[in-house]
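Coordinate analysis (summary)
What follows is the residue order along each chain.
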Amino acid sequence: MAAQIIDGKEVAKITYKQIKARTAALREQGIIPGLTVIIVGENPASQTYVASKEKRALKLGWNGQVIRLPENATQQELCEVIKTLNLDDSVDGILVQLPLPKHINELEVLKCIDPEKDVDGFHIVNSGKLFAGLESFVPCTPKGIMKLIDSTGVEIEGKNAVVIGRSLIVGKPAFLLLSARNATVTLCHSKTENLAEFTRSADIVVAAIGKPNFVTADMIKPGAVVIDVGINRLPDGQLCGDVDFESVKEVAGHLTPVPGGVGQMTIAMLMENTVISAEARLAGRDRKTDASVLDGTRHKA
Ligand code: NDP
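If you walk through the whole model with that rule in mind, you get zero aromatic pairs. Directly above the aromatic system of Y16 lies the positively charged group of R56, at a separation of 3.7 Å from the ring centroid.

Right, let's get into the sheet that holds strand β3 (residues 63-69). Taken in spatial order, the three strands make up an open sheet running β3-β2-β4, and their pairing is parallel. The outermost strands of the open sheet, each flanked by one partner alone, are β3 and β4 (93-96). In this sheet, adjacent strand axes meet at a mean angle of 15° when their direction is disregarded. As paired elements, strand β2 (residues 34-40) and β3 share seven bridges and run parallel to each other. Across the sheet, residue T36 finds its bridge partner in β3, namely Q65. On the sheet, helix α2 (residues 44-59) packs against β2, β3 and β4 and is oriented at approximately 155° with respect to β3. The strands that helix α3 (residues 75-87) touches are β2, β3 and β4; relative to β2, the one it contacts most, it runs at about 180°.

Across the interface, helix α6 (residues 140-151) lies against helix α7 (residues 171-180) with an axial gap of 9 Å and an inter-helix angle of 40°. It follows that α6 is oblique to α7 by the angle criterion. Handedness of the crossing formed by α6 with α7: right-handed. Along the contact surface, α6 presents P142, K143, M146 and I149, while α7 presents P173, A174, L177 and L178. Across the contact of α6 with α7, the residue classes break down as seven nonpolar, no polar and one charged.

With that settled, the discussion passes to the site of the ligand. Lining the immediate environment of the ligand, one finds 21 residues, of which R166, S167, S190, I231 and T266 sit closest. In the environment of the ligand, an oxygen atom lies 2.7 Å from a nitrogen or oxygen atom belonging to the side chain of R166. With the chains in place, 71% of the 920 Å² that the ligand exposes on its own is no longer accessible. For the shell around the ligand, the residue count by class is nine nonpolar, ten polar and two charged.

Here we take up the sheet that holds strand β11 (residues 254-255). Read from one edge of the open sheet, six strands run β1-β11-β8-β7-β5-β6, paired in parallel fashion. Strand pairing shows two members of the sheet lacking a second neighbour, β1 (4-5) and β6 (184-188), which therefore form its edges. As paired elements, β1 and β11 share two bridges and run parallel to each other. The partner of Q4 across the bridge, within β11, is H254. Contacting β5 (160-164), β6 and β7 (204-207), α7 crosses the sheet at an angle of about 170° to β6.

Turning our attention to the packing of helix α1 (residues 8-28) against helix α10 (residues 262-282). Running from N to C, α1 and α10 cross one another at 20°; their axes reach a closest spacing of 9 Å. By the angle class used here, α1 and α10 are roughly parallel. Here the hand of the crossing between α1 and α10 comes out left-handed. Here α1 contributes G8, K9, V11, A12, T15, Y16, I19, R22, T23 and L26 to the contact with α10, which in turn contributes Q264, M265, I267, A268, M269, M271, E272, V275, I276, A278, E279 and L282. Grouping the constituent residues of the contact of α1 with α10 by class yields 14 nonpolar, four polar and four charged.

Quick notes on the rules
Residues numbered from 1 in each chain as written. Predicted model: local features only at pLDDT ≥ 70, side-chain atom pairs only at ≥ 80, totals over all residues. Heavy atoms only, no water. Phe/Tyr/Trp six-rings, centres within 6.5 Å; stacked < 30°, edge-to-face > 60°. Lys NZ or Arg CZ within 6 Å of the ring centre and 35° of its normal. Pairing = 2+ DSSP bridges. Helix = DSSP H or I, 4+ residues; strand = E, 2+ residues; numbered from the N terminus. Axes fitted to C-alpha atoms, helices over the stretch in contact; angles between N-to-C directions. Contact = heavy atoms within 4.5 Å. Parallel < 35°, antiparallel > 145°, perpendicular 65-115°, else oblique. Left-handed = near helix turned anticlockwise from the far one by under 90°. Nonpolar A, V, L, I, M, F, W, Y, C, P; charged D, E, K, R; others polar. Near = heavy atom within 4 Å. Polar contact = N/O pair within 3.5 Å; in protein donor to acceptor, adjacent residues only side chain to side chain. Areas by Shrake-Rupley, 256 points an atom, 1.4 Å probe, with all protein chains shown as cover.

And the structure:
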């Protein structure tokens, strides 16, 4: 039987509806969420991503601001801008669009962001909290992955999950989030031997590799939930994921499309993290974290 296709657009729509309601409640208390995105240089893909984030923030009626720095801006100049934003109480979320030009050390720059405004969840304080199972800003793409899995109604606890890819922004946090929800998780990568043996025993597969159509039907257990994070541009200009959609949909129980799956959720989760931060501003910034993604309560609510 063909897999049920997980509609990322629909799940994102539900999230935006919730964010709108939370924004309205904040407005009543005189708070307008503020999101500032900083972009350095002219990378065309980054320009597109930044424009979508700004558009979405403005659509929600927020203070959405983009700061554009030239390609040759120094690390110190960038950190100075971030430090000014850290002190600006009207800014709830600060996001530095990655990748940065090669002369800038990304990890050092991310460290300049106030962890309480780190809505991308990449600051080492937030990574450390996630690792320790404490409430933190959770990186947007893995957070979205968890919501998509929850949207299927499949219970995560006790399941075998395989994450392919161990990047700091997707694979590793996805591993931690699935583990926090009591899945038994295996983290695979380019040096994993006999990868298919791992994936074939998995009830949940998250593919975050960056290789077009890498995961094929013979690697998937019948009925598994398959989340395709990959965004790959084929020579003919078409987008495709890391999962061979046509063959895998005949075996999987649930499957995300590309486009229309995980990609839809990433910006939605950025907005959710920002509204959490704005709520924390209202509460005196003593709490701006998201336990719900760790225990699934937000989805169930
Ligand atoms: P990275 O390049 O940082 O990481 C890729 C990972 O895949 C690495 O851990 C690598 O292993 C692993 N890998 C590479 N080749 C193989 C292989 N043959 N077998 C098993 N594992 C392999 O990528 P990202 O995590 O940043 O992104 C992954 C994909 O997700 C990309 O297509 C990216 O565009 C997409 N993406 C989509 C987002 C969205 O919003 N939908 C957001 C972020 C990313 P090793 O560590 O050993 O090198």
